Amino acid sequence: MNLSYAPSTIAAIATAPGRGGVGVIRVSGRDLLPFAQAISGGKTPKPRYALYTDFVAADGSALDNGLLLFFPGPNSFTGEDVIELQGHGGPVVLRMLLARCIELGARHAEPGEFTRRAFLNDKMDLAQAESVVDLIDAASETAARGALKSLKGAFSGEIHQLVDELITLRMLVEATLDFPEEDIDFLKAADATGKLSAIRQRLSRVQATARQGAILREGMHVVLVGEPNVGKSSLMNALAGDEVAIVTDIAGTTRDTVREEILIDEVPVHVIDTAGLRDTDDVVEKIGIERTWQAVERADVALVLVDGREGITGSVGTILARLPERLPRIFVFNKIDLVGETPRVGDEDGHEVVHLSAATHAGVDLLKARLLALIGFQGDAEGVFLARERHLDAIRRAGAHLDTAAVEWQQVEIFAEELRLAQNALSEITGEFTADDLLGVIFSRFCIGK
Ligand SMILES: Nc1nc2c(c(=O)[nH]1)N(C=O)[C@@H](CNc1ccc(C(=O)N[C@@H](CCC(=O)O)C(=O)O)cc1)CN2
Ligand SMILES: Nc1nc2c(ncn2[C@@H]2O[C@H](COP(=O)(O)OP(=O)(O)OP(=O)(O)O)[C@@H](O)[C@H]2O)c(=O)[nH]1
Ligand SMILES: [Mg+2]
């Protein structure tokens with residue numbers, strides 16, 4: 001498929017670093033039967049059956065014993081011959097086995113190279129290859145189930161269906177290009193715009209599902225900001241359900257940023273507690289406050305905490321002035337227990353507010369629900385397949401081309417061109433229309449051995 005691709009034999013430890021019951025080395029390449037015979041001391045493995053054997057060094061001495069699996073291509077994970085050595089899971093043993101594989105002519109696999117080969121050999125498309133990593137990295141059960149759906153082709157199937165419908169419509173439109181006099185009547189008779197709008201609607205449904213999937217995968221970064229002593233660390237602990245940050249009544253308790261990943265309804269949320277913002281001469285506190293601003297730069301949502309008894313004061317205004325305009329924020333009126341208020345959410349003076357008590361946890365659930373709503377998570381993860389920002393971007397571009405096509409359909413050449421561009425954008429998702437350098441970026445983010 002790709003001529004620059006030279007299929008040398010690659011090998012890597014496939015199991016996680018460290019000690020484990022069993023450790024697996026994976027080897028992929030062409031014609032690996034001699035390799036299997038060499039490492040097993042002359043045995044011939046039966047394809048796809050476990051062979052219990054010594055793994056032997058060049059001098060015939062045993063390096064380890066374990067199970068050898070031989071998957072002759074194309075019926076393997078990569079589509080090439082694959083050998084698995086399932087040995088004892090110690091780092092030293094595995095290093096010795098890997099060194100032996102290198103001695104037998106393999107080279108160290110690059111990150112993602114096994115999956116890349118699976119992609120290049122048409123064992124899976126690009127969205128499926130990406131879902132392999134997403135499955136491994138899944139932060140929640142729902143995310144893992146969604147990733148497996150994508151791995152099994154649910155997302156790719158939706159995209160292929162859309163592409164097929166686009167191709168059918170394009171054939172119709174391109175055919176009329178040959179008969180310019182009757183083109184518009186012809187397109188009307190064939191209900192080209194009706195077909196286009198059906199495709200647009202299907203795309204919108206896929207987009208909505210993919211968006212939920214991307215949220216499940218990527219989660220959000222929430223930063224807690226406010227003046228000292230308003231209860232940021234207390235809220236951090238309430239969200240985490242654990243004493244992760246130090247709480248005292250001394251202003252300036254938190255000096256460094258404290259991070260914790262929590263799940264809200266299966267959505268991974270990275271919560272960042274920060275040093276309270278004020279003018280100070282304390283050198284350490286100054287550095288802490290600098291870090292607060294750095295965390296703000298990278299956040300998706302800011303929770304601006306205020307003491308509920310004081311509300312949004314002038315010094316809060318100074319903080320707000322420095323928040324990036326793009327950053328969505330929720331004002332948290334904390335310590336309502338001290339004034340006997342009940343928790344509530346709402347819109348006050350154009351600000352989204354939540355009144356709660358970090359100390360008693362009253363209202364913390366309301367805050368969690370607002371956070372999910374803010375990033376557009378709809379709570380129902382049933383049927384969601386995992387997707388990435390890259391996919392959403394491609395879907396958005398395809399949608400924009402379809403929208404232009406719908407407006408310009410009477411200019412048949414533009415109509416045809418916009419349909420073609422929409423199809424290309426969608427094909428980037430499955431990798432039929434993807435530049436090599438993008439593939440490099442995608443696979444380099446895999447771990448070694450995958
Ligand atoms: N031991 C082991 N476990 C593993 C993997 C592996 O590589 N080795 N996997 C690595 O990710 C995952 C499973 N993925 C796999 C995907 C395809 C094939 C395979 O042999 N496919 C052939 C035959 C299919 C069949 O018999 O139906 C093929 O596609 O032609 C194997 C593993 C998870 N568990
Ligand atoms: N009654 C009551 N006290 C609270 C509440 N939240 C925090 N506090 C108290 O307020 C004080 C300051 O809380 P922290 O969570 O350390 O405040 P902070 O914003 O992290 O402060 P710095 O780290 O100094 O910026 C502590 O004595 C907390 O027990 C609340 O909801 N109700
Ligand atoms: Mg604190």
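Residues numbered from 1 in each chain as written. Chains lettered and ligands numbered in written order. Predicted model: local features only at pLDDT ≥ 70, side-chain atom pairs only at ≥ 80, totals over all residues.

Visitor: Is there a simple way to think about the overall build of the protein in this case?
Guide: Looking only at helices and strands, the protein has 15 helices and 13 strands in total. Its C-alpha radius of gyration of 28 Å places the protein more than 25% over the 22 Å reference for a compact globule of 450 residues. By principal-axis analysis of the C-alpha atoms, the protein measures approximately 80 × 80 × 35 Å. (Helix = DSSP H or I, 4+ residues; strand = E, 2+ residues; numbered from the N terminus. Rg over C-alpha atoms; globule rule 2.2 N^0.38 Å.)

Visitor: How do you make sense of the sheet that holds strand β1 (residues 10-13) when you look at a structure like this?
Guide: The pairing of strands in a sheet happens through backbone hydrogen bonds and is either parallel or antiparallel. In space, the 6 strands of this open sheet follow the order β3-β4-β5-β2-β1-β6, with mixed pairing throughout. Of all the strands in the sheet, the pair left with one neighbour each is β3 (51-56) and β6 (107-108). Most of the contacts of helix α2 (residues 91-103) go to strand β2 (residues 20-29), to which it runs at about 15 degrees, and overall it touches β1, β2, β3, β4 (62-71), β5 (81-89) and β6. (Pairing = 2+ DSSP bridges. Contact = placed C-beta atoms within 7 Å. Axes fitted to C-alpha atoms, helices over the stretch in contact; angles between N-to-C directions.)

Visitor: Just checking my understanding: could you explain helix α6 (residues 154-177) for this structure?
Guide: Residues three or four positions apart in an α-helix share a direction because the helix packs 3.6 residues into each turn. The end-to-end C-alpha separation of α6 is 35 Å, in line with the 34 Å expected for 24 residues at 1.5 Å each. Considering only its buried residues, α6 is in contact with α4 (126-137), α5 (141-151), α7 (183-189), α8 (192-218) and α14 (412-430). (Expected span 1.5 Å × (residues − 1).)

Visitor: What should I look at first to understand the site of ligand 2 in this one?
Guide: Neighbouring ligand 2 are 24 residues; G231, S233, T254, G276 and A359 lie closest to it. Counting residues per element, the shell around ligand 2 draws most heavily on helix α9 (residues 232-240), which supplies 3 residues. Here the shell around ligand 2 is composed, by residue class, of 8 nonpolar, 12 polar and 4 charged. (Near = placed C-beta within 6 Å. Nonpolar A, V, L, I, M, F, W, Y, C, P; charged D, E, K, R; others polar.)

Visitor: Could you clarify how one ought to interpret the UniProt feature "binding site: K(+)" (unreviewed entry) in the protein in this entry?
Guide: The sites that carry the UniProt feature "binding site: K(+)" (unreviewed entry) are, in the present numbering, N229, T248, I250 and T253. Considering the C-alpha atoms alone, the annotated residues occupy 25 residues of sequence yet fold into one spot, their largest mutual distance being 8.1 Å. Of the residues examined, N229 has 20 C-beta atoms within 10 Å and is grouped as buried. N229 has contacts with D249, A251 and G276, leaving out every residue within four places of it along the chain. Tracing the backbone shows T253 in the loop between α9 and β8 (258-264). What makes T253 partly exposed here is the crowd of 16 C-beta atoms within 10 Å. The residues contacting T253, other than those within four sequence positions of it, are S233, I246, V247 and T248. (UniProt positions renumbered as here; feature names shortened; annotations may be inferred. Buried ≥ 20, exposed ≤ 12 C-beta atoms within 10 Å, placed from the backbone.)

Visitor: What should I look at first to understand the UniProt feature "binding site: (6S)-5-formyl-5,6,7,8-tetrahydrofolate" (unreviewed entry) in the protein in this one?
Guide: In this structure's numbering, the residues bearing the UniProt feature "binding site: (6S)-5-formyl-5,6,7,8-tetrahydrofolate" (unreviewed entry) are R26, E84, K123 and K450. Mapped onto the elements, E84 comes out in strand β5. Overall, E84 belongs to the buried group, with 20 C-beta atoms counted inside 10 Å. Apart from the residues within four sequence positions on either side, E84 is in contact with V24, R26 and L69. Setting aside residues no more than four positions away along its own chain, K450 makes contact with G112, F114, T115, V132 and V133.

Visitor: Even after reading the chapter, I still don't get the site of ligand 1, so can you show me in this structure?
Guide: Surveying the vicinity of ligand 1 reveals the residues V24, F71, N75, S76, F77, E84 and K123. Along the lines of polarity and charge, the residues of the shell around ligand 1 split into 3 nonpolar, 2 polar and 2 charged.

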